[in-house]
Amino acid sequence: QVQLVESGGGLVQPGGSLRLSCAASGNIFNINSMAWYRQAPGKERELVAVISSGGTTNYADSAKGRFTIFRDNAKKTVYLQMDSLKPEDTAVYYCKIRDQIWPPGTRDYWGQGTQVTVSS
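Calculation rules
- Residues numbered from 1 in each chain as written.
- Predicted model: local features only at pLDDT ≥ 70, side-chain atom pairs only at ≥ 80, totals over all residues.
- Heavy atoms only, no water.
- Helix = DSSP H or I, 4+ residues; strand = E, 2+ residues; numbered from the N terminus.
- Buried < 20%, exposed > 50% of the residue type's maximum accessible area, 1.4 Å probe, protein only.
- Polar contact = N/O pair within 3.5 Å; in protein donor to acceptor, adjacent residues only side chain to side chain.
- Contact = heavy atoms within 4.5 Å.
- Pairing = 2+ DSSP bridges.
- Axes fitted to C-alpha atoms, helices over the stretch in contact; angles between N-to-C directions.

**As for the side chain of Asp89**
Okay, so step 1: By the element assignment, Asp89 lies in the loop between strand S8 (77-82) and strand S9 (91-101).
Okay, so step 2: With relative accessibility at 1%, the residue Asp89 sits in the buried group.
Okay, so step 3: At 3.0 Å, the side chain of Asp89 forms a polar contact with the side chain of Arg38.
Okay, so step 4: At 2.8 Å, the side chain of Asp89 and the backbone nitrogen of Lys86 are in polar contact.
Okay, so step 5: Residues within four places of Asp89 in sequence aside, it is in contact with Arg38, Arg66, Phe67, Ser84, Val116 and Val118.

**Here's the deal with the sheet that holds strand S1 (residues 2-7)**
Okay, so step 1: One open sheet accounts for 4 strands, arranged S1-S3-S8-S7; its pairing is antiparallel. Two strands lie at the open edges of the sheet, namely S1 and strand S7 (67-72), each paired on one side alone. Neighbouring strand axes in the sheet, compared pairwise and without regard to direction, differ in orientation by 15° on average.
Okay, so step 2: Pairing analysis gives 6 bridges linking strand S3 (residues 18-26) to S8, with the strands arranged antiparallel. Across the sheet, residue Ala23 finds its bridge partner in S8, namely Thr77.

Right, here's the structure in full:
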(Lines give C-alpha, C1' and ligand atoms only; values in the text may rest on other atoms or scores of the structure.)
Protein backbone atom coordinates (compact mmCIF):
# COMPACT_ATOMS: atom_id res chain seq x y z
CA GLN A 1 0.00 0.00 0.00
CA VAL A 2 1.10 3.53 -0.77
CA GLN A 3 0.61 6.60 1.34
CA LEU A 4 1.17 10.20 0.28
CA VAL A 5 1.35 12.64 3.16
CA GLU A 6 1.15 16.34 2.41
CA SER A 7 2.24 19.16 4.67
CA GLY A 8 3.10 22.84 4.58
CA GLY A 9 -0.22 24.49 3.90
CA GLY A 10 -1.62 27.30 5.95
CA LEU A 11 -2.53 30.97 6.06
CA VAL A 12 -0.13 33.47 4.55
CA GLN A 13 -0.28 37.14 3.64
CA PRO A 14 -0.11 38.31 0.03
CA GLY A 15 3.49 38.40 -1.10
CA GLY A 16 4.46 35.70 1.36
CA SER A 17 5.85 32.24 0.78
CA LEU A 18 4.99 28.66 1.58
CA ARG A 19 6.66 25.36 0.85
CA LEU A 20 4.49 22.32 0.38
CA SER A 21 5.85 18.82 0.69
CA CYS A 22 4.48 15.44 -0.27
CA ALA A 23 6.20 12.29 0.93
CA ALA A 24 5.43 8.86 -0.46
CA SER A 25 5.86 5.65 1.47
CA GLY A 26 4.98 2.02 1.04
CA ASN A 27 4.96 -0.12 -2.07
CA ILE A 28 6.16 2.38 -4.61
CA PHE A 29 9.49 1.72 -6.25
CA ASN A 30 9.72 3.29 -9.67
CA ILE A 31 8.34 6.79 -9.46
CA ASN A 32 7.82 8.49 -12.78
CA SER A 33 6.42 12.00 -12.65
CA MET A 34 5.38 14.06 -9.65
CA ALA A 35 2.88 16.88 -9.81
CA TRP A 36 0.94 19.44 -7.85
CA TYR A 37 -2.68 20.29 -8.55
CA ARG A 38 -5.00 22.76 -6.90
CA GLN A 39 -8.72 23.24 -6.67
CA ALA A 40 -10.43 26.43 -5.61
CA PRO A 41 -14.11 26.59 -4.62
CA GLY A 42 -16.33 26.48 -7.69
CA LYS A 43 -13.45 25.65 -10.01
CA GLU A 44 -12.11 22.50 -11.59
CA ARG A 45 -8.92 20.94 -10.36
CA GLU A 46 -6.00 22.30 -12.34
CA LEU A 47 -2.42 21.28 -12.85
CA VAL A 48 -0.02 23.72 -11.23
CA ALA A 49 3.36 22.11 -11.80
CA VAL A 50 4.83 18.80 -12.87
CA ILE A 51 8.31 17.34 -12.77
CA SER A 52 9.33 14.33 -14.82
CA SER A 53 11.56 11.46 -13.79
CA GLY A 54 14.37 13.22 -15.64
CA GLY A 55 13.80 16.52 -13.87
CA THR A 56 11.99 18.37 -16.63
CA THR A 57 9.47 20.83 -15.20
CA ASN A 58 6.35 22.48 -16.51
CA TYR A 59 4.16 25.09 -14.88
CA ALA A 60 0.77 26.61 -15.32
CA ASP A 61 1.00 30.14 -16.66
CA SER A 62 -0.29 31.47 -13.36
CA ALA A 63 2.57 29.81 -11.51
CA LYS A 64 5.49 30.59 -13.78
CA GLY A 65 8.12 32.77 -12.17
CA ARG A 66 6.62 32.35 -8.69
CA PHE A 67 6.45 28.62 -8.00
CA THR A 68 9.17 26.00 -8.16
CA ILE A 69 8.66 22.25 -8.12
CA PHE A 70 11.52 20.00 -7.11
CA ARG A 71 11.98 16.46 -5.91
CA ASP A 72 14.16 14.37 -3.65
CA ASN A 73 14.17 10.91 -5.14
CA ALA A 74 15.93 9.31 -2.18
CA LYS A 75 13.19 10.56 0.13
CA LYS A 76 10.42 9.94 -2.41
CA THR A 77 9.28 13.49 -1.79
CA VAL A 78 8.10 16.29 -4.04
CA TYR A 79 8.04 19.92 -2.99
CA LEU A 80 6.33 23.04 -4.22
CA GLN A 81 8.01 26.29 -3.27
CA MET A 82 5.50 29.11 -3.59
CA ASP A 83 6.70 32.70 -3.52
CA SER A 84 4.96 36.03 -4.10
CA LEU A 85 1.66 34.44 -3.21
CA LYS A 86 -1.55 36.08 -4.33
CA PRO A 87 -5.11 35.76 -3.03
CA GLU A 88 -6.01 33.93 -6.22
CA ASP A 89 -3.60 31.17 -5.21
CA THR A 90 -6.01 30.21 -2.44
CA ALA A 91 -7.03 26.60 -2.98
CA VAL A 92 -6.63 23.07 -1.76
CA TYR A 93 -3.38 21.73 -3.13
CA TYR A 94 -2.99 18.06 -4.01
CA CYS A 95 0.12 16.14 -4.91
CA LYS A 96 0.09 13.28 -7.38
CA ILE A 97 2.79 10.70 -7.87
CA ARG A 98 2.87 8.41 -10.88
CA ASP A 99 4.46 5.02 -10.43
CA GLN A 100 5.78 2.97 -13.31
CA ILE A 101 4.59 -0.63 -13.02
CA TRP A 102 5.18 -3.95 -14.73
CA PRO A 103 3.75 -5.06 -17.14
CA PRO A 104 4.34 -1.63 -18.67
CA GLY A 105 1.87 0.87 -17.36
CA THR A 106 1.37 3.52 -14.71
CA ARG A 107 -0.48 3.91 -11.47
CA ASP A 108 -1.32 7.28 -9.90
CA TYR A 109 -1.48 8.09 -6.21
CA TRP A 110 -2.95 11.23 -4.68
CA GLY A 111 -2.28 13.09 -1.48
CA GLN A 112 -5.03 14.09 0.91
CA GLY A 113 -4.83 17.78 0.04
CA THR A 114 -3.61 20.73 2.04
CA GLN A 115 -5.32 24.11 2.31
CA VAL A 116 -3.45 27.21 1.22
CA THR A 117 -5.09 30.51 2.06
CA VAL A 118 -3.59 33.81 0.95
CA SER A 119 -5.24 36.72 2.70
CA SER A 120 -4.41 39.88 4.58
